[in-house]
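Chain by chain, the residues:
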Amino acid sequence: STESQPYRTAYHFQPPKNWMNDPNGPMIYKGIYHLFYQYNPRSAVWGYIVWGHSTSTDLVNWNSHPPALLPLDPYDINGCWSGSATILQDGKPAILYTGIDSNNNQVQNLAVPKDPSDPYLVEWIKSPHNPIMEPNAVNKINSTLFRDPSTAWLGPDGRWRVIVGNGREHNGAALLYRSKDFVHWIEAEHPLHSSNETGMWECPDFFPVSNDIGEDGLDTSEINFPGVKHVLKTSVFRSLVECYTVGTYDHQKDIFIPDEGSVENESGLRLDYGKYYASKSFFDSDKNRRILLSWVNESTSSDIDIIKGWSGLQAFPRRIWLDKSGKQLIQWPVKEIEKLRTKQVKIPTTTLKAGSVLEVLGVTGAQADVEIFFSIPMLEKAEVLESSWTNPQELCSQRGASDNSGVGPFGLLVLASSDIQEFTAVFFIIFQHNNKFKVLICSDQKKSSLGLDYDKTTYGAFLDVDPVKQNISLRTLIDHSIVESFGGGGKTCITARVYPTLAINDNAHMFVFNNGSQHVEISNLSAWSLEQAQIN
Ligand code: DQQ
């Protein structure tokens, strides 16, 4: 229970105990959502890795099944690592995953359902052809940097393509393989894409998006859809962040070309600017949307994880689509979260004077969903952004929630004790910059726990919103030890892990604050208490 385990979550996916990391092979099959995940059934730390398996009809409530893949064969005896599912032409799914073989080499393997008529896909059979991709003398692939096959897509020539994460010194690469039958795979001469700015790429994800269909998604094989663009997401191993670029997939040459101006390292676009890694998306063919799942690690040390007996969450599933600008993705919690909403609390138009704090009463502060819209009347008083302040995370860290220099910080204090000694602050600061404005969004964990020591790094990013023309919006999901924030309607996301010692369960409060020297307006605030989902 959350009484004895105040950091366990009410609606974020987690196994009953032990270690979990990456989401694997998410898919919908016969109306059932499947989530597999990197799981150590023996301990609360990473080690003996199997594929945990749960299913759902709504992405909110989950039932667990026995592990789908166990490391029992020479080609995966040292671990069944990350991989993806693909729905084949006959409608049946197949899994490609990384095995750590008896020589500790990374190889790629295939598994198919034992009984495809079972919508729960409880039993999986590994292919007798495994391994189906391996590092060898010819391809010169580093056998310890070769993993995490993506969902495959079908080319116009009828051959399947898949990418596998790889590294070579400073290079990250998405190695491309092709196959006619999903069993025999041949490495292409060139990777789909590589970059010398990041080092090894884990868990690459590659999918089409289109401005012509609004918030809808595309099947990974719909590569010729009108107005199509492609997104390449890479998990950058050296810094554990999720980078992505929007660009064009040239399927004659079988290469991905990022749009001009794309930055292909940690200072470019990220799916999330907080704790969020090894994400994977899939196309939900029932609801015509693309859904993103991701591992959210603990911020505590493994000593604490062992004491509490578990480690790792999945972020709440997000719908993702291409922003109207065509330059970035938008992410938003799937609509099904509304099932958990109970009481709604509203604050109508209110002025938040400089230095004011206002409690959001009547909401369960430890399990909540809140959305707030700010409008900013005093923009001319915004501080000027100096040209050397180019790193938004550093800027957030230097300023913190208690800064009071100009327009902001204003925003939310969540998982806060009644005396506001303990809190996590999610806020904005607005700067003037070249006759325009630049909006900074921050998540400040410094005061998140009076009693526990852990990684309290401040996160931050710039948000592509013009405060002259638009309200500044913030949506935040709070769930005991996780705070997921969506700025500007999902343009910039920040996830944080926190472990309050006062603000737990019924003692967790929520406030709106403005520590800046100028007043700001709340044009609308809605907050909902969320019920407990049924998870595993
Ligand atoms: N961890 C997995 C890998 C992946 C990495 C092993 C990302 O397959 O590359 O659990 O968290």
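Please read these numbers as outputs of a predicted model, since none were measured by experiment.

## Some words on the overall build of the chain
Within the chain, the secondary structure is distributed over 2 helices and 38 strands. Against the globule reference of 24 Å for 536 residues, the chain gives a C-alpha radius of gyration of 23 Å, in line with a compact fold. Taking the principal axes of its C-alpha atoms as reference, the chain extends roughly 70 × 50 × 40 Å. Here the chain, with 536 residues, has 54% of them falling under the buried criterion. The contacts of the chain with a sequence gap of at least 6 include a subset with a gap of at least 24, amounting to 64%.

## Examining the pairing of strand β35 (residues 482-487)
Most of β35 sits inside the fold, with 6 of its 6 residues counted as buried. Alternating positions in β35 separate into two faces, Ile482, Glu484 and Phe486 on one and Val483, Ser485 and Gly487 on the other, with burial throughout. As paired elements, strand β34 (residues 472-479) and β35 share 6 bridges and run antiparallel to each other. Along β35, the bridge assignment pairs aspartate 479 with isoleucine 482.

## Focus on the UniProt feature "domain: Glycosyl hydrolase family 32 N-terminal" (unreviewed entry) in the chain
According to UniProt, the feature "domain: Glycosyl hydrolase family 32 N-terminal" (unreviewed entry) maps to residues 12-333 in the numbering used here. Secondary structure over residues 12-333 splits into 2% helix and 47% strand, and the C-alpha atoms at its two ends are 12 Å apart.

## With respect to the sheet that holds strand β3 (residues 50-56)
Pairing is mixed in the open sheet, where 5 strands are placed in the order β4-β3-β2-β1-β21. Looking at which strands have only one partner, the edges of the open sheet turn out to be β4 (63-69) and β21 (310-311). Inspection of the sheet shows strand β2 (residues 32-40) paired to β3 by 7 bridges, in the antiparallel sense. Bridged to tyrosine 39 within β3 is valine 50.

## Topic: unusual backbone geometry
At the junction of asparagine 130 and proline 131, the peptide bond is cis and its omega measures out at -5° in the coordinates. Relative to the helices and strands, proline 131 is located in the loop between β8 (124-126) and β9 (146-147). Cis geometry is adopted by the peptide bond preceding proline 409, which originates at glycine 408 and carries an omega value of 5°. Checked against the element boundaries, proline 409 lands in strand β30 (residues 407-416). Positive phi, close to 55°, is recorded for lysine 140, a residue that is not glycine. Relative to the elements of secondary structure, lysine 140 occurs in the loop between β8 and β9. In this structure lysine 140 comes out as exposed when scored by C-beta crowding, with 8 C-beta atoms within 10 Å. One non-glycine residue with positive phi stands out, namely histidine 480, at about 60°. With respect to the secondary-structure elements, histidine 480 resides in the loop between β34 and β35. On the neighbour-count criterion, histidine 480 (25 C-beta atoms within 10 Å) is buried.

## Describing helix α2 (residues 392-399)
An α-helical turn contains 3.6 residues, so a residue and the one three or four places further along point in the same direction. Turning to α2, its buried residues number three or more, namely Pro392, Gln393, Leu395, Cys396 and Arg399. Each buried residue of α2 lies within a common arc of 160° when the element is viewed along its axis, so the set occupies one face. Summarising the geometry of α2, the exposed residues directed more than 90 degrees from the buried face are Glu394 and Gln398. Tucked into the core, α2 has its buried residues touching β30, β31 (424-433), β32 (436-444) and β33 (459-463). Positive phi appears at glycine 400, one or two residues downstream of α2, with a value of about 65°.

## Remarks on the environment of glutamate 123
Mapping glutamate 123 onto the fold places it in the loop between β7 (106-113) and β8. Between the alpha carbons of glutamate 123 and alanine 111 there is a distance of 9.9 Å; along the sequence they are 12 residues apart. Apart from residues no more than four positions distant in its own chain, glutamate 123 is found in contact with Lys114 and Asp115.

## Some thoughts on the UniProt feature "domain: Glycosyl hydrolase family 32 C-terminal" (unreviewed entry) in the chain
Under the local residue numbering, the UniProt record ascribes the feature "domain: Glycosyl hydrolase family 32 C-terminal" (unreviewed entry) to residues 336-529. Structurally, residues 336-529 comprises 4% helix and 49% strand, and the distance from its first C-alpha atom to its last is 15 Å.

## Brief notes about the environment of glutamate 531
One can find glutamate 531 in the segment after β38 (520-530). Overall, glutamate 531 belongs to the partly exposed group, with 15 C-beta atoms counted inside 10 Å. Sequence-wise, glutamate 531 and glycine 411 are 120 residues apart; in three dimensions their C-alpha atoms are separated by 24 Å. The residues contacting glutamate 531, other than those within four sequence positions of it, are Leu340 and Thr342.

## Here we look at the site of the ligand
Around the ligand sit Asn21, Asp22, Gln38, Ile49, Trp81, Ser82, Thr98, Arg147, Asp148, Glu202, Cys203 and Ala278, and that is every residue in its neighbourhood. Secondary structure elements with two or more residues in the shell around the ligand: β1 (18-29), β5 (80-87) and β15 (201-210). Residues belonging to the shell around the ligand are distributed by class as follows: 4 nonpolar, 4 polar and 4 charged.

## A look at the environment of glycine 47
Secondary-structure assignment places glycine 47 in the loop between β2 and β3. Each C-alpha atom of the pair glycine 47 and aspartate 479 lies 27 Å from the other, and the pair is 432 residues apart in sequence.

## Some details on the sheet that holds β5
One open sheet accounts for 4 strands, arranged β5-β6-β7-β8; its pairing is antiparallel. Across the chains shown, the open sheet's two edge strands, defined by having one partner strand only, are β5 and β8. Each neighbouring strand pair of the sheet contributes to a mean axis angle of 30°, computed without reference to strand direction. Of the pairings in the sheet, the one linking strand β6 (residues 93-100) to β7 comprises 6 bridges and is antiparallel in character. Among the inter-strand pairings, tyrosine 97 is bridged to a residue of β7, identified as asparagine 109.

How each quantity is defined
- Residues numbered from 1 in each chain as written.
- Predicted model: local features only at pLDDT ≥ 70, side-chain atom pairs only at ≥ 80, totals over all residues.
- Helix = DSSP H or I, 4+ residues; strand = E, 2+ residues; numbered from the N terminus.
- Rg over C-alpha atoms; globule rule 2.2 N^0.38 Å.
- Buried ≥ 20, exposed ≤ 12 C-beta atoms within 10 Å, placed from the backbone.
- Contact = placed C-beta atoms within 7 Å.
- Pairing = 2+ DSSP bridges.
- UniProt positions renumbered as here; feature names shortened; annotations may be inferred.
- Arc of directions from axis to C-beta.
- Near = placed C-beta within 6 Å.
- Nonpolar A, V, L, I, M, F, W, Y, C, P; charged D, E, K, R; others polar.
- Axes fitted to C-alpha atoms, helices over the stretch in contact; angles between N-to-C directions.

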